[in-house]
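Analysis of the macromolecular model
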Amino acid sequence: MWIKQLHIYHFGKFQNLKIKDLSKGAGFISGENEAGKSTLMSFIKCMLFGFPSKLTSERRYEPKDGNRMGGSLTLMTESHGELAIERVAGKAAGDVTVYLENGEQAGEDFLQSLLKGLDRSLFQGIYCFDIDGLQEIEKISRDQLGSYLLGAGMTGSKELQELEALLEKKQAALFKPGGRKPVINEMLQELHRAEEELLKWKRKNEEFQPAALELKEVKDSIQRSEKEKAHHQEQWYQAQKWKSVLPPLQKWKENKLALDQLQEGEFPENGLQRLEYLQEKLFDLEGDLAVCKNKNDEVEKQLAILAIDEQVLKEGARIEAVGQKIHYLESLLNDKAGLLQKAELLSKEIHRLIHETGYEGEDNNLFELNNGIAAKNGLVLMTKNHELLQQKKEWMEQELTASRSRLESAEERLKLAKGKLLHEADFQKLKEHADQDRTYRRLMLEKEQLQMQIKNAEGNSSSRSVPRKKNWIPAGALFVFIAVIIIYLVSKGEMAGALLSALALGASFLYWMKSRTKERGSHTGKENLQALLVQLQKLEEQLAGISNFEELDRLQQQWIEEQAQRNEYNRLQEETKRLEQSYQQTAAGYDKLELEEFDNEASIQEWSRENGFNGPWQHLLLPGYFEKIERLKELLIEKYQLEERLSQLQVNISVILEDVNQLSKQLGLSEHASYHERIMQARMLLQQEKEKQRKLELLQEAKRAAVENEQELLTKRLSYTAERTRLFQQAGADNEESYRKKGEAADSRKKIQEQLSQASLQLYAFGYSDEEIFNLSDRLLDKSFNLEKEIAAAEAYLKESEQELESFKGKSAELSLRLQQLQEEGSYSECLQRYETLKDILQDQARKWAVYRTAADLLKRTKERFHAERLPAIIKKAGVYFSRITAGKYVDLFLAGEKESLIIERNDGVRFNPVELSRGTAEQLYLCVRLSLASLYQREGMPLILDDVTVNFDPVRTKQTLDLLMEIGEKHQIIFFTCHETLFSDRPSVPVIHLKEPQPVRPGDGAFL
């Protein structure tokens, strides 16, 4: 089943709200805070399951305007088709009516069968929830989770856990083995004490019973004496009553005898009064007839002198029509004057705009100008583009000038740098000298190193005890010298020379380290010394041609400076190329802007041709020009419309004046008077004739009323005369005098009957019936009956019975005192009653304990079955949903550990407890568990109603969640309430209903969606 539409009559803030064509699948209902989303959710629950009781804490959403809350819900079902559930506030949960598709109606029983036992808490627990539906899911174990989900499936919340705890608490409060304070434990102790006390009273009862039997006999005698006393007292009361009854009884007897002596006869009820009434009415009627005749004669005289001009009345409608048009005519004349003034102002404004714009075309040509929104927007874009191109062109011109200036400056610096360089031949010679200098310096370094090695070798061979000289000092000085050269070359930009010097430094260092190694190994023999001397000789031969080292230093310095100048020249060359490229790009951009400007101007010319603008197209580029042309067109159109209105006004004015002239001729009015005066004269003539006609109608009506009144008076007189005759006939009288005599006799009989009736009522008040009154009169009014004697005898018997009763009461008091002395506290019967009462109470408490115990066992079995059968399936499907929402980051969900707590497994195999998840991920896990429970619960087709369950989700998981809900929506209707419209911005196919803050509506207004 799915909800098709809903209609709220009055519910909370909503009045006459209709939401139609709800989607069968997934759909969104969005609204800001306080727009009524929670109210709509509560309305759906109330329509299905009734309004909450006033005794509950749940909100009832009663309307503030005093109306009865109610509405209807339209459902589509497979078994019954389309049906509507209407519920309005009434008794209990409200009065519900179900309207079936075939026209039949049903009630609450049918709705319960349709929902198949689904109640409010079960629906809210499975199908209708928000972000707070489940709490602290990460802290519960397998048993707790099973109870939790079972509770959600049965009651919709954690009520099942609370019920289980309550049953345990109830059992413990009633009975606990070895306990003292539980109710049953205390009652067992108290019952034991009562049993001991009962045994004690049984022993005392052996002495108590004889006295108790004697007391019982005395009490029986007291009862008999009280009955005799009551009988004698009743006789005395009867005698006293007879004494009070005797006077009215004597009066009754006398009137009864007098009534029997009168002769019976028929006479109308209130006959004399009725006769007097008829005589008075007949007298009044005679006077009314005389007055009526005089009025009729007066009306005839007034009708004879009244004359009416039929011609004026015949033209009455025309006169009224012309009279009604007088204000209209004045309005037309005023409108005409106003329009003429407005036309003059329009002409001045038109001439001003033509002068400002220089427009020389025809007005009709301007009417063809297309100033629609699309055309105007196109022109605005082209003019803005023109302004933008002009701005870009100015900027490009400035940039082109600056770029040209920078390029020329760079070329000048490049020319100067080139002039400082050596010629190529001189540069090659200098390069050769630099290479030779590096070779000589390397050889000098090797020579110094060999000399140090030779000295070391000689020292080691002569004596091992002689300390070695510090031959590292010259090498260190050489290293420092080469490092200084490297730093100098780097500062001058001579990177090649610096690199070669660094290589030389590295080679020297390696060579020195190698020499040190050789020194350590030279202690073995003199053959190494001989080899070193040979190497030294070869180096001296190579260095034999070098004599002037200062010239070498000068050439090395010149080479370093030449290298720095050539590096600077290369840098300036690169910079000049870069500036030249920049200049070329700027020039190309400027040319492109000129082409764009040409194209834009061509577009403006094309726009002018297509949209009917005949003026110079360059004017369209002027700021505000098109707005003035547009305003000129509007004023010309307004002037044309104004001229048409003036023409129509003149036609209407001419028609009205023509009607006035024709009417004046027919009625003979003065032709020299103004149209206003002639209309007023015609209306006065018509008013006079209408007054005459109304007077004629009044007189005719008065005459008709007088005739009818006279006829009515004659009819009444005839009726009163006939009524008087009937009275005479009923009384059997021939005339009024005989009738009055019979009336007096009837009055006498009536008085006697009233007195008899009054006496009877007095006797009835004493409780006697008619038969008892007859019998009592025969007895009491008999001459042989003595009432005083009867009263005295009754008093004697009563006094004797009272004395006997007092004697028995005294003996009873003595026996009661003796029994009281035998009793200490209470009595045996009280103890026995207390013992039996305790047994009954104990049995009731035991039955309650058995009920709680049975309920707890049944609940335990139900949980175990749920854990075995349904919980694994719910956890498994929830894991599938959770893996999908998290895009595969979490791959499984299961119960593990001794307590079988809920565990989540990540895609890298790491496992987590729910408490380790973030708040958003924990809520995603909660949502998956609830969706799994809803999908596996056997309630086919029930809609899912969710309220902002993705509020704490990130965008990616929100999308995954909505995709999952869309898939579930293929089998279940989903109504998703949210205040975040961005959720469905990328889902155009999903229907969305937007709620707005409700405004006051009148009966019959539609919904405010």
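So, here is what we can say about the structure in this document. (Residues numbered from 1 in each chain as written. Predicted model: local features only at pLDDT ≥ 70, side-chain atom pairs only at ≥ 80, totals over all residues. Heavy atoms only, no water.)

What follows deals with the packing of aromatic side chains. Under the counting rule described, the total for this entry stands at six aromatic pairs. Seen in terms of ring centroids, Phe11 and Phe43 are 5.4 Å apart; in terms of plane orientation they differ by 70 degrees. Their pairing is edge-to-face. In this pair, Phe11 is assigned in strand β1 (residues 2–11) and Phe43 in helix α1 (residues 37–49), connecting sequence segments 32 residues apart. Like Phe43, Phe11 is buried. Geometrically, the ring pair formed by Phe28 and Phe976 is edge-to-face, given 5.4 Å between the ring centres and 65 degrees between the ring planes. Taken together, the residues Phe28 in strand β3 (residues 26–30) and Phe976 in strand β13 (residues 974–978) connect sequence positions 948 residues apart. Of the two residues, Phe28 and Phe976, neither departs from the other in class, the shared state being buried. Connected via pairs of aromatic rings, a cluster forms that spans Phe11, Phe43, Phe51 and Tyr61. (Phe/Tyr/Trp six-rings, centres within 6.5 Å; stacked < 30°, edge-to-face > 60°. Helix = DSSP H or I, 4+ residues; strand = E, 2+ residues; numbered from the N terminus. Buried < 20%, exposed > 50% of the residue type's maximum accessible area, 1.4 Å probe, protein only.)

Within a sheet, neighbouring strands are paired by backbone hydrogen bonds and run either parallel or antiparallel to one another. The strand order across the open sheet built from three strands is β9-β10-β11, with neighbouring strands paired in antiparallel fashion. At either end of the open sheet lies a strand with only one pairing partner, and these are β9 (890–896) and β11 (911–912). Two strands pair when backbone bridges link them, and β9 and strand β10 (residues 901–906) are joined in this way by six bridges, in the antiparallel orientation. Bridge assignment links Ala896 to a residue of β10, and that residue is Ser901. The sheet contacts of helix α23 (residues 871–885) involve β9 and β10, and relative to β9 the element is tilted by about 155 degrees. (Pairing = 2+ DSSP bridges. Contact = heavy atoms within 4.5 Å. Axes fitted to C-alpha atoms, helices over the stretch in contact; angles between N-to-C directions.)

Applying the stated criterion across every chain, the model contains 17 salt bridges. Put simply, Glu568 and Arg571 hold a salt bridge, and the shortest N to O gap is 2.4 Å. With Glu568 and Arg571 both in helix α16 (residues 549–610), this residue pair falls three residues apart, about one helical turn. A residue is classified by how much of its surface remains accessible, and Glu568, at 34% relative accessible area, is partly exposed. (Salt bridge = Lys/Arg side-chain N within 4 Å of Asp/Glu carboxyl O.)

Time to look at helix α19 (residues 736–765). With 30 residues, α19 should cover 44 Å at 1.5 Å per step; its first-to-last C-alpha distance of 43 Å lies within 8% of that length. Among all positions in α19, only Tyr739, Gly743, Arg749, Ile752, Leu756, Ala759, Ser760 and Leu763 are buried. Two residues or fewer after α19 comes Gly767, characterised by a positive phi angle close to 95 degrees. (Expected span 1.5 Å × (residues − 1).)

With that out of the way, let us pick up the packing of α23 against helix α25 (residues 955–968). Packing of α23 against α25 leaves a shortest axis separation of 8 Å and a crossing angle of 135 degrees. Compared by their axis directions, α23 and α25 come out oblique. Contacts between α23 and α25 involve Tyr881, Arg884 and Ile885 from the former and Arg957, Gln960, Thr961, Asp963, Leu964, Glu967 and Ile968 from the latter. Here the contact of α23 with α25 is built from residues that sort into four nonpolar, two polar and four charged. (Parallel < 35°, antiparallel > 145°, perpendicular 65-115°, else oblique. Nonpolar A, V, L, I, M, F, W, Y, C, P; charged D, E, K, R; others polar.)

Another point: the sheet that holds strand β2 (residues 14–19). Reading across the sheet, the six strands line up as β2-β1-β4-β5-β6-β7 and stay open at both edges, with antiparallel pairing between neighbours. Either end of the sheet is taken by a strand with one partner, and the two such strands are β2 and β7 (105–106). Relative to β7, strand β6 (residues 95–99) is paired through two bridges, and the arrangement is antiparallel. Following the sheet pairing, Tyr99 is matched in β7 by Gln105. Sheet strands in contact with helix α2 (residues 108–115) are β4 (70–77), β5 (81–88), β6 and β7, and its direction is about 125 degrees off that of β5.

Unlike most non-glycine residues, Asn16 shows phi in positive territory, near 55 degrees. Judged by its relative accessible area of 16%, Asn16 is buried. Unlike most non-glycine residues, Ala887 shows phi in positive territory, near 60 degrees. Mapped onto the fold, Ala887 is located in the loop between α23 and β9. Assessed through its relative accessible area of 57%, Ala887 is described here as exposed.

Take the nonpolar core next. For soluble globular proteins, nonpolar side chains are generally found buried alongside one another. Counting residues in each nonpolar core, the largest one holds 85 residues, and the members touching the most others are Leu40, Leu48, Leu73 and Phe123. Per-element accounting of this core gives the leading share, nine residues, to helix α24 (residues 919–936). Not counting the four nearest positions on each side in its chain, Leu40 is found in contact with Leu6, Ile8, Phe14, Leu17, Ile19, Ile29, Phe977 and Leu995. (Core = buried A, V, L, I, M, F, W, Y, C linked by side-chain atoms within 4.5 Å.)

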